[in-house]
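In case you want the letters, here they are:
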Amino acid sequence: MEFLVIGESKLKIVMSADDMAAFNLDAASDYSSAEYRRAFWRVLDLAKKEVGFDPGGEKILIQFYPVRLGGCEVF
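Everything numeric in this text was worked out from a predicted model, so none of it was measured. (Residues numbered from 1 in each chain as written. Predicted model: local features only at pLDDT ≥ 70, side-chain atom pairs only at ≥ 80, totals over all residues. Heavy atoms only, no water.)

(A) The arrangement of the nonpolar core in detail. One finds Leu11, Ile13, Met15, Leu25 and Val43 to be the most contacted residues of the largest nonpolar core, which totals 17 residues. Going through the elements one at a time, strand 2 (10–15), helix 2 (34–51) and strand 4 (72–74) are the ones with two or more residues in this core. The leading source of residues in this core is helix 2, at 6 residues. Excluding residues within four positions of it along the chain, isoleucine 13 makes contact with Met1, Glu2, Phe3, Phe40, Val43, Leu44, Cys72, Glu73 and Val74. (Core = buried A, V, L, I, M, F, W, Y, C linked by side-chain atoms within 4.5 Å. Buried < 20%, exposed > 50% of the residue type's maximum accessible area, 1.4 Å probe, protein only. Helix = DSSP H or I, 4+ residues; strand = E, 2+ residues; numbered from the N terminus. Contact = heavy atoms within 4.5 Å.)

(B) Quick look at the environment of lysine 49. Mapped onto the secondary structure, lysine 49 falls in helix 2. C-alpha separation for the pair lysine 49 and aspartate 18, spaced 31 residues apart in sequence, amounts to 20 Å.

(C) Region of the structure containing the sheet that holds strand 4. Sheet architecture is open: 4 strands sit in the order 1-2-4-3, paired in antiparallel fashion. The open sheet has two edge strands with one neighbour each: strand 1 (2–7) and strand 3 (64–66). Within this sheet the neighbouring strands show an average axis-to-axis angle of 15 degrees, counted without direction. Note that strand 1 and strand 2 share 5 bridges and pair antiparallel. Among the inter-strand pairings, glycine 7 is bridged to a residue of strand 2, identified as lysine 10. The strands touched by helix 2 are strand 1, strand 2, strand 3 and strand 4; relative to strand 2, the strand with the most contacts, the crossing angle is about 105 degrees. (Pairing = 2+ DSSP bridges. Axes fitted to C-alpha atoms, helices over the stretch in contact; angles between N-to-C directions.)

Coordinates in, geometry out; function isn't part of it.
Structure, rendered in structure tokens:
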């Protein structure tokens, strides 16, 4: 998994298929489900530890783009 801080309030996350499986994320899932949101917050917790990105409890907009081989890019 790669984290790229784009700005003070923007982050790009590149996940492989293995990363997605480790967090129980699936491109075909319902992104609005509570389970999916909890899993994605775990990804954001990791981003905070690795690159210092912290949404600080603010509302966030997640743009999810599936890529080849089962991975994704998230902004």
